[in-house]
Amino acid sequence: MTSHAEPQLPSPSPQSRQPLPLVTRRTALAGALGLGAAALLPSATPARASAAPARARAARAGASAAATPEIFGCGTWGARAASESVVVLAAPPQRIVVHHTATANVTDYSKDRAFALARAIQNYHMDIQGWIDTGQHFTVSRGAYVTEGRHRSLTELNAGRHQVRAAHCVGQNTVAIGIENEGTYTSVEPPAKQFAALAALCAHVCQKYGLSPSEIYGHRDFNDTSCPGDRLYAMLPRLRQEVAALLGVPLLDQLWDGDEGWDRWPGPSEFLPARELNRELERSGLWLPRGN
Ligand SMILES: [Zn+2]
């Protein structure tokens, strides 16, 4: 309702935000991954070119191939106007935060369902939470359709210089791109197609903003929440690896193992109370109560 409707707690200081340079099992993996990614790069190289420029061209080709997920903008899925102008921040994001919507694991994988979900989330965030617009930047449906959340998120992503201020994770809304994944992943994994779409989206975000794939986290890394569910959270190392492979870059060593209590803010226990959101989906006529 007002610009103060969205809690915007100050971000931790840059120093406290800095992940500790840990040497983990992924250190060895990074080297292996780099070789693996290189092996996947296009091999069509003019004989007269030296190896180094050829590798650079191949890396660019591989990166651009990973950078074209289809993202349906607000105008396509029928978003309402934001209640006030969204805020475009001066800086680019520093990381990606992965969420689940804690809604039913429906078997409607259609584009219509993805668009209805986007509208339902926006209605819930604006009418129940009182926010100016959808909280997160992007949403991945169980049918692997990617929709824009908050207005301007897609425009700013494609430009690659600024982040839209969001409302998806207390303490991270000015420094992290928030991606919601439709479903509840406490005891089951997301559909393979959805996970692949998430990886492609993350690769695109990393490329556009110059982020390392190691800067992909789960909501629970920052707030007291089960989000994105035990099963999806356990898949984040694989997600980082797949994003690195899509980009053709090695994972960096500065990985935070999640056990340091670092950058953790007291926040709501659940970002999207399933009961309210499911009620909104029911009103939309697309609610399929199938449990988790
Ligand atoms: Zn979350």
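Residues numbered from 1 in each chain as written. Predicted model: local features only at pLDDT ≥ 70, side-chain atom pairs only at ≥ 80, totals over all residues.

Let us now look at the overall build of the chain. Within the chain, the secondary structure is distributed over 10 helices and 6 strands. Among the 292 residues that make up the chain, the fraction classed as buried is 45%. A separation of at least 24 residues holds for 82% of the contacts in the chain among residues at least 6 apart in sequence. (Helix = DSSP H or I, 4+ residues; strand = E, 2+ residues; numbered from the N terminus. Buried ≥ 20, exposed ≤ 12 C-beta atoms within 10 Å, placed from the backbone. Contact = placed C-beta atoms within 7 Å.)

Moving on to helix H9 (residues 236–247). Between its first and last C-alpha atoms H9 spans 16 Å; for 12 residues at 1.5 Å apiece the expected length is 16 Å, and the two agree. Restricting attention to buried positions, one finds in H9 the residues Leu239, Arg240, Glu242, Val243, Ala244, Ala245, Leu246 and Leu247. Phi for Gly248, located one or two positions after H9, is positive at around 70 degrees. (Expected span 1.5 Å × (residues − 1).)

For the rest of this paragraph, the subject is the nonpolar core. Core analysis: the largest hydrophobic core is formed by 54 residues, its most contacted members being Ile96, Leu198, Ala199, Leu201, Cys202, Val205 and Val243. The element that contributes the greatest number of residues to this core is helix H7 (residues 192–209), accounting for 11 residues. In contact with Val243, not counting residues within four places along its chain, are Ala199, Cys202, Ala203, Cys206, Pro213 and Ile216. (Core = buried A, V, L, I, M, F, W, Y, C linked by C-beta atoms within 7 Å.)

This part is about the packing of H7 against H9. Angle between the axes and distance between the axes are the two parameters that describe a pair of packed helices. Running from N to C, H7 and H9 cross one another at 60 degrees; their axes reach a closest spacing of 9 Å. If you check the angle between H7 and H9, you find them oblique. Taken as a pair, H7 and H9 cross one another with a handedness that is right-handed. Of H9, the residues touching H7 (which contributes Leu198, Ala199, Ala200, Cys202, Ala203, Cys206 and Gln207) are Leu239, Glu242, Val243, Leu246 and Leu247. Class assignment for the residues of the contact of H7 with H9 results in 10 nonpolar, 1 polar and 1 charged. (Axes fitted to C-alpha atoms, helices over the stretch in contact; angles between N-to-C directions. Parallel < 35°, antiparallel > 145°, perpendicular 65-115°, else oblique. Left-handed = near helix turned anticlockwise from the far one by under 90°. Nonpolar A, V, L, I, M, F, W, Y, C, P; charged D, E, K, R; others polar.)

Next up on the list: the environment of Gly149. When you line up the elements, Gly149 lands in the loop between strand S4 (146–148) and helix H6 (153–159). By C-beta crowding, Gly149 is classed as buried, having 27 other C-beta atoms within 10 Å. The spacing of Gly149 and Ile121 is 28 residues in sequence and 8.7 Å in space, taken between C-alpha atoms. Apart from the residues within four sequence positions on either side, Gly149 is in contact with Thr134, Gly135, Gln136, His137, Phe138 and Thr139.

Here we come to the pairing of strand S2 (residues 95–100). Of all the 6 residues making up S2, 6 are buried; the element is thus mostly covered by neighbouring parts of the structure. Side-chain alternation along S2 places Arg95, Val97 and His99 on one buried face and Ile96, Val98 and His100 on a second face that is also buried. Pairing between S2 and strand S5 (residues 176–181): 6 bridges, direction parallel. Paired with His99 across the two strands is Glu180, which belongs to S5. (Pairing = 2+ DSSP bridges.)

With that settled, the discussion passes to the pairing of S5. Here S5 lies mainly inside the structure; 6 of its 6 residues are buried. The alternating pattern of S5 places Ala176, Gly178 and Glu180 and Ile177, Ile179 and Asn181 on opposite faces, both of which are buried. With 3 bridges connecting them, strand S3 (residues 138–140) and S5 associate as parallel partners. Looking at the pairing, Thr139 lines up with Glu180 of S5.

With that settled, consider the environment of Leu157. Relative to the assigned elements, Leu157 resides in helix H6. With 24 C-beta atoms counted inside 10 Å, the residue Leu157 sits in the buried group. Distance from Leu157 to Pro93, taken between C-alpha atoms, is 9.9 Å for residues 64 residues apart in sequence. Those residues in contact with Leu157 that lie beyond four places of it in its chain are Val205 and Lys208.

Pro228 follows Cys227 through a cis peptide bond whose omega is 10 degrees. Even without being glycine, Ala102 reaches a positive phi, approximately 60 degrees. Even without a glycine there, the phi angle at Ala144 is positive, about 75 degrees. Relative to the elements of secondary structure, Ala144 occurs in the loop between S3 and S4.

Take it as geometry only, folks, not as evidence of what the structure does.
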